[in-house]
Amino acid sequence: MAEQATISTIDRFVGHEVHLRGWLQSRTDKGRLQFLNFRDGTGTIQVVVFQKNVPPEAFEAARRVTQESSCEVTGTVRADPRAPGGYEIDASSFHIVQLAQDYPITPKEHGIDFLLDHRHLWIRSPRQRSVLAVRATVVDAIRTWLNSHGFTLVDTPILTPAACEGTTTLFETDYFGEPAYLTQSGQLYNEANIAAFGKVYCFGPTFRAEKSKTRRHLIEFWMVEPEMAYADLEECMRVEEEFVSAIVQRTLAERARELEFLGRDTTLLRNVVPPFPRITYDEAVEILNREGVPITWGDDFGAPHETALAQRFDRPVFVHRYPAQCKAFYMEEDPERPELSLSVDLLAPEGYGEIIGGGQRTARLELLERRIAEHGLPRQAFEWYLDLRRYGAVPHSGFGLGVERTVAWICGLDHLREAIAFPRTLGRLYP
RNA sequence: UGCGGGAUAGCUCAACGGUAGAGUGCCCGGCUGUUAACCGGAGAGUUGCAGGUUCGAAUCCUGCUCCCGCAGCCA
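Residues numbered from 1 in each chain as written. Chains lettered and ligands numbered in written order. Predicted model: local features only at pLDDT ≥ 70, side-chain atom pairs only at ≥ 80, totals over all residues. Heavy atoms only, no water.

Participant: Can you lay out the pairing of strand β12 (residues 220-229) for me, pointing to particular residues and giving the numbers?
Facilitator: Counting buried positions along β12 gives 8 out of 10 residues, so the element sits mostly inside the fold. With 9 bridges connecting them, strand β11 (residues 199-207) and β12 associate as antiparallel partners. The residue bridging Tyr201 from the neighbouring strand is Pro226, located in β12. Relative to strand β19 (residues 396-402), β12 runs antiparallel, the two sharing 5 bridges. Across the sheet, Met223 pairs through a bridge with Gly402, a residue of β19. (Buried < 20%, exposed > 50% of the residue type's maximum accessible area, 1.4 Å probe, protein only. Helix = DSSP H or I, 4+ residues; strand = E, 2+ residues; numbered from the N terminus. Pairing = 2+ DSSP bridges.)

Participant: Residues and numbers for the protein's contact with RNA strand B, please.
Facilitator: Within the structure, RNA strand B sits among 52 residues, and Lys108, Arg208, Arg215, His217 and Arg405 are positioned closest to it. The sugar-phosphate backbone supplies 47% of the atoms of RNA strand B found within 4 Å of the protein. In this structure, a base oxygen belonging to RNA strand B sits 2.6 Å away from a side-chain N or O atom of Gln46. Arg208 is positioned with one of its side-chain polar atoms (N or O) 2.2 Å from a sugar or linking oxygen of RNA strand B. Of all the elements in the fold, those that place two or more residues in the surface near RNA strand B are β2 (17-29), β3 (33-39), β4 (44-50), α2 (112-117), β12, α10 (303-310) and β18 (353-361). Its residues placed into classes, the surface near RNA strand B shows 15 nonpolar, 14 polar and 23 charged. (Near = heavy atom within 4 Å. Polar contact = N/O pair within 3.5 Å; in protein donor to acceptor, adjacent residues only side chain to side chain. Nonpolar A, V, L, I, M, F, W, Y, C, P; charged D, E, K, R; others polar.)

Participant: Kindly report on the sheet that holds strand β8 (residues 159-160), identifying the contributing residues and their values.
Facilitator: Spatially, 3 strands are ordered β8-β10-β9 in an open sheet, and the strand pairing comes out antiparallel. Only two strands of the sheet have a single partner each, and these edge strands are β8 and β9 (172-175). When β9 meets strand β10 (residues 178-182), the two strands line up antiparallel, connected through 4 bridges. For Glu172, the partnering residue across the bridge sits in β10 and is Tyr181.

Participant: Before we move on, could you go through helix α13 (residues 403-411) and cite the residues and values that matter?
Facilitator: Among the 9 residues in α13, 9 count as buried, and that is most of the element. Those residues of α13 that fall on the buried side of the exposure criterion are Val403, Glu404, Arg405, Thr406, Val407, Ala408, Trp409, Ile410 and Cys411. With its phi angle positive at about 75°, Gly412 sits one or two positions after the end of α13.

Participant: Now, about the side chain of Glu191: what can you tell me, with residues and values included?
Facilitator: Residue placement: Glu191 occurs in helix α5 (residues 187-197). With a relative accessible area of 4%, Glu191 lands in the buried category. Only 2.5 Å separates the side chain of Glu191 from the side chain of Tyr385, close enough to count as a polar contact. In terms of polar contacts, Glu191 uses its side chain to reach the side chain of Arg389, at 2.6 Å. Setting aside chain neighbours within four positions, we find Glu191 in contact with Glu227, Arg361, Tyr385, Leu388, Arg389 and His396. (Contact = heavy atoms within 4.5 Å.)

Participant: Outline the environment of Ile142, supporting the account with residue identities and numerical values.
Facilitator: Within the element layout of this structure, Ile142 appears in helix α4 (residues 126-147). Judged by its relative accessible area of 0%, Ile142 falls in the buried class. With 259 residues separating them in the primary sequence, Ile142 and Leu401 have C-alpha atoms 9.8 Å apart. Among all residues touching Ile142, those that are not within four sequence positions of it are Phe203, Val224, Phe243, Ile247, Leu401 and Val403.

Right under this line is the structure:
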């Protein structure tokens, strides 16, 4: 009697007859011998169908099965050095569940436009499966680390009444006659939640109606945002470096096979352990001007600046204390230099840019009121947020980590769109 | 949104003013150890859309649509 098995644990079934259900990835026809590259969702394995070992109808099915047809196979597991992965199934039976017709994605090269139009099928390919598997581990590492370090998950709303940082980059929708916006960040709500739990995080999709067309931007992306009561900027950086290191090291440990398949050189990733280098905005400006990537003090960094800075270090680098004018209205002032904000960005190596933005939020009512006015924000929409400075305000800090940027960096991808199953990019809402 | 590149067979591309091509996939045939197998055969086109120049346009010109890259915005 055949045992139900999965490919990922097939080594436990050597010598046994097993039953597998899945899809045909590819096939090599050798006449009276068929090699089937078979996938069940947990992995792929070679199935060998000899004409003399199976009933005639099973051999006929193996001979005419097409790429990505769903099918079931029964056979004996054996170790064979000639098989990719070292194991193969000597089939005793084979049948087609559904015969696929003209599967569009072939083992040869395709253009990115074609692949994105067929993203619902492209995700089956080994490379895309590897990236999405890494993503799953990154997400789990994020949750596990935060849950085990005193953070409580508190979900924040997706439909919001107003902007965190101005309405120009928000998707507007109709909320029974009132304008509503898709969230850009859960941070302001996190600042409310810390008074209930001390340390919290939210984790979900985020939407930016920016006409960004670069390898570092998605219209819809996932962000995890921890927020901590009684934490200053230094504490924020300390948490960030522990957090990012834990994510990277766990992914290296659990997804070595996928990273190798992706061709990722993991040498630099192994360096990602605390402490990360810290430079001030002032120092960064000096370095950039000295190294021929000119920038005026007071301007925010562009992608070329971030790349040039990150290239100088063997692990992610903190840039802290940006001019207040570069950063959001809720940032705390540097008490020693009020023109600076207690903000910090974490720049990933190898040109992947900013993977974290964050810092210390202001606890001062009068500064927040002034900033809301300076930024021309509708004060009545922020009354609840101002309340947080009236009823038990504390020094607090937090940050947002972009999941796709982190996955793209760890995988060595050249574009964020492969780091999410169904990317939303400028001009692409299908599939 | 700005600058640059592009759209030709299902797919990836060539042809750059003179009969529309290759590789690959699909289909048919052969092969008991293939790893993007190999060998033989066959089919496959409104050259993105609309107009213009020309004896003749995939090729030159104009407009439009869509895609890609870089930048800005940011995670």
